[in-house]
Every structure is written in C-alpha cells, then in structure tokens.
Amino acid sequence: MPYLALVCNAMIWGLSWWPLRQLQSMGLHPLWATAIFFVMSVCLILLWRPSALGVLMRTPALWLLALAAGGTNAAFNWGVSIGEVVRVVLLFYLMPVWAVLLAWLALGERPTAAALWRVALALLGAVLVLKPADGAWPVFTGLPDVLGIVGGLGFAVNNVVLRRQAHQDTSARALAMFTGGLLLPGTLAMVLSAQGAIPPLPSFDPHWLLGALALGLAMFCGNMALQYGASRVPVSISSVVMLTEIVFAAGSAVWWGGEVLTATVMIGGGLILLAAVLATRESTSAHAA
C-alpha cells in the first residue's frame, strides 16, 4: 500500500496538466484554479486538526514554507497549462541544482564533489532540454520554461524548510503548505487580472466549479498519499518512485497532447533524472552513516 500511495501521488500530479487545460478552456485560469483547489485542502485540515492554525500563526518559519509551497504550485500548474508539458516538468526537476545551493546557504552544508557533479549533470540536461531543434544554443521559449524553473526552485526551498521544521506537527506543516497554495496563487490572480494580464474569475458555472473541486480533491488525496507512503518507505525508494511523475507526464503529453519527444530532450531528461537519483542515494547514505 505505501508504494501504491506514492505511485498514485505521482500519477495525479503527472496527469494534472490535462484537467488544468480543460478548466482553462472553460475560462478558469490556472492561478484561480489553484487557489480553489487549496480552499478545500485548508478546510479539510482545519476540520481534522483545528489546533494546527494556532501553531501556524505562532511560527514565522512555517510562513516561509507557505510561500515556497504557494510559489511551487502556482508556477507548476500555470506552466503545464500553457507550455510543453515535458519541458516544464523536466525543468521543474532541476531540483538537485537548487537543493545544493540552498543547503549550502540555509543549512551550512558545503557542497561535496559528488554534489557538484550532480549539479553539472542536471545543468547539462537542462541545456539539452532547452536546445532548439534548429539552433546551437539553449533558449527559453517563453513563460512556461521560466515557470518550470521557478516551480522547481520553490519546491527545493519547500524541502529545505521542511527539514528545518521537522519537529513541527505534521498537520501544522500541511496547513502551512495548503495555505500558501491558496493565498499566493489567489493574490497573484487578483493582481494580474486587475492589470489585464490574465482573465478575471469567470462568472459562476457549475461545470468549471465541479471540475475544480474534483481536481482539488484529487490533489488533496495525492498529498495525503505522499505523506502516508513517504513515512513508511525508505527515502532511497520513495524519492525515486516520485520521479515516475515524469513518466506519467511525458507519456500522457505524447499520447493525449500530441507532443513529440526528440532524442535531445530524452537525453537531457535522462541526465536530469540521473542527477535526482544520485542525490537520493547520497542522502540515504548520509542518513545511514
């Protein structure tokens, strides 16, 4: 069951681009949709553990966790809704690069030779992913690529703060992450829609509302499945299983979205995956020691 829970979480996030695009076709921008998703999650956590709110309000570090989680969800959901799913997801998984830098700055963990090697692998993979078919140098194709990288950076910050706040109650940490997923995308949506950069919240329609609530419930279940599985499976296994999100995202994007995987992108993605797997193995060895 723990392994199945981890795979279910990876599947939900790997396939989330499709319902997000369906909601966008109904006029619901991904930022509005993300805020709606987490309204449900916040309410469910508060019903389950009302005391978590007091812990969140008394702990400033948990608000940094909220900011990181909100940025991650806003960037990832927006990116996969408007860009090439495979590129966005692969750029999101440049986490080994950010993890090394953040661990050095925030935790005082100087990078080892192995860590620098992983950074080099991941960056080389990013160069190949960003390389245009008819060009010699890597280029950003626009906002989706930036969102993929920003989402990965936010996720790395999220993980570092979680490590520093491991002593906090699980429900308080979950509430912080869900609150960030509500407040940051919601605030961005209001500001950008007021400036005409994105569409305003559409008039009420039961179709998009039910769709948003259904996807929000699926994401909540995915997060709970992740917490259940990750607490019962060795890190060396759970972190690799989580990478199956890339498989679900790439397979569905090719099958449903008509995207084409070039050899260059596959090689670049393989290098990014390799860097992530090596990071997992070193982390496990360090904990064992």
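Residues numbered from 1 in each chain as written. Predicted model: local features only at pLDDT ≥ 70, side-chain atom pairs only at ≥ 80, totals over all residues. Heavy atoms only, no water.

**Q** Where do I start with the environment of I82 in this structure?
**A** Secondary-structure assignment places I82 in helix 5 (residues 60–82). Note on I82: relative accessible area 36%, which makes it partly exposed. Here the alpha-carbon distance between I82 and W17, two residues 65 residues apart in the chain, equals 9.0 Å. Residues contacting I82, with those up to four places away along its chain left out, are Q24, L143, P144 and L147. (Helix = DSSP H or I, 4+ residues; strand = E, 2+ residues; numbered from the N terminus. Buried < 20%, exposed > 50% of the residue type's maximum accessible area, 1.4 Å probe, protein only. Contact = heavy atoms within 4.5 Å.)

**Q** Got a minute to help me understand the side chain of N9 in this structure?
**A** Along the chain, N9 turns up in helix 1 (residues 2–15). Judged by its relative accessible area of 7%, N9 falls in the buried class. With near-sequence residues (within four places) excluded, N9 lies in contact with G222, N223 and L226.

**Q** Before we go on, may I ask you to explain the pattern of salt bridges in this structure?
**A** Where charged atoms from two side chains of opposite charge approach closely, those side chains can pair. Counting across every chain of the model gives two salt bridges. Note that D169 and R49 form a salt bridge whose closest N and O atoms lie 3.7 Å from each other. Of this pair, D169 sits in the loop between helix 9 (143–164) and helix 10 (170–194) while R49 sits in the loop between helix 3 (30–48) and helix 4 (51–58), and the two are 120 residues apart along the sequence. D169 sits in the partly exposed class, given a relative accessible area of 37%. Between D145 and R87 there is a salt bridge whose closest N-O contact spans 2.5 Å. (Salt bridge = Lys/Arg side-chain N within 4 Å of Asp/Glu carboxyl O.)

Such coordinate-based values are descriptive only and should not be taken to indicate function.
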